[in-house]
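# Structure assessment
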Amino acid sequence: MGSRIRRALARAALAAVGAAAGAAVGGLISRQAASSGGALGALAGATIADVRSDPGGFLDALRSDEDEALNDADGAETAD
């Protein structure tokens, strides 16, 4: 339970940092761009938090299911 709370807080913190950075960059252009930049920054921050919290690591989070199946098949053949 505690790890779920810590993960949620880390995700929220990175989303807030992303929103602030996106809004700051967008604010240089216009109010509408600041709003859009904040939303996109929050989405990016939450996505980064999800990828970082993946137990398989950064590269496993980016790997497709087909690649994972191929790696599992290769590992089964070499294990024999």
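Quantities reported herein were computed from a predicted structural model and do not represent experimental measurements.

To continue, consider the overall build of the chain. Across its full length, the chain holds four helices and zero strands. Walking the chain from its N terminus toward its C terminus, one meets helices and strands in the order α-α-α-α. Residues counted as buried form 14% of the 80 residues belonging to the chain. Counting contacts in the chain only where the partners sit at least 6 residues apart, residues at least 24 apart contribute 42% of the total.

The next subject is helix α1 (residues 2-27). Between its first and last C-alpha, α1 extends 37 Å over 26 residues, near the 38 Å set by a 1.5 Å rise per residue. Along α1, the residues classified as buried are Ala 15, Gly 18, Gly 22 and Gly 26. Considering only its buried residues, α1 is in contact with α2 (31-52).

Now for the environment of Leu 43. Position of Leu 43 relative to the elements: it lies in helix α2. Residue Leu 43 is classed as exposed on the basis of its relative accessible area of 54%. Expressed as a C-alpha distance, the spacing of Leu 43 and Ala 19, which sit 24 residues apart in the sequence, is 7.9 Å.

On the surface, Met 1, Ile 5 and Leu 9 cluster together to form a nonpolar patch covering roughly 370 Å² of accessible area. Among the residues examined, Leu 9 registers a relative accessible area of 58% and is labelled exposed.

Thresholds applied
Here the residue numbering is sequential within each chain, running from 1 through the sequence in written order. Selection of residues for local features in this predicted model requires a pLDDT of at least 70, selection of side-chain atom pairs for listing and counting requires 80 or more, and totals for whole chains, interfaces and linings are taken over all residues. To get the side-chain values, all heavy atoms of the structure are used, and hydrogens and water are removed first. In this text, helices come from DSSP runs of H or I with a minimum length of four residues, and strands from runs of E with a minimum of two, each type numbered from the N-terminal end. The classification of residues rests on relative accessible area computed with a 1.4 Å probe and restricted to protein chains. Under 20% of the type maximum is buried, over 50% is exposed, and intermediate values are partly exposed. Every residue pair with non-hydrogen atoms within 4.5 Å of one another is taken to be in contact. The span expected for a helix works out to 1.5 Å for each residue beyond the first. For patch detection, residues must exceed 30% relative accessible area and be free of salt bridges, and they are connected within 9 Å for like charges or within 5 Å for nonpolar side chains (Val, Leu, Ile, Met, Phe, Trp, Tyr). Method for areas: the Shrake-Rupley scheme with a 1.4 Å probe, in which residue coverage is limited to the protein chains shown. We define a salt bridge as a side-chain nitrogen of Lys or Arg found within 4 Å of a carboxyl oxygen belonging to Asp or Glu.

Bear in mind that shape data such as this cannot, by itself, settle questions of function.
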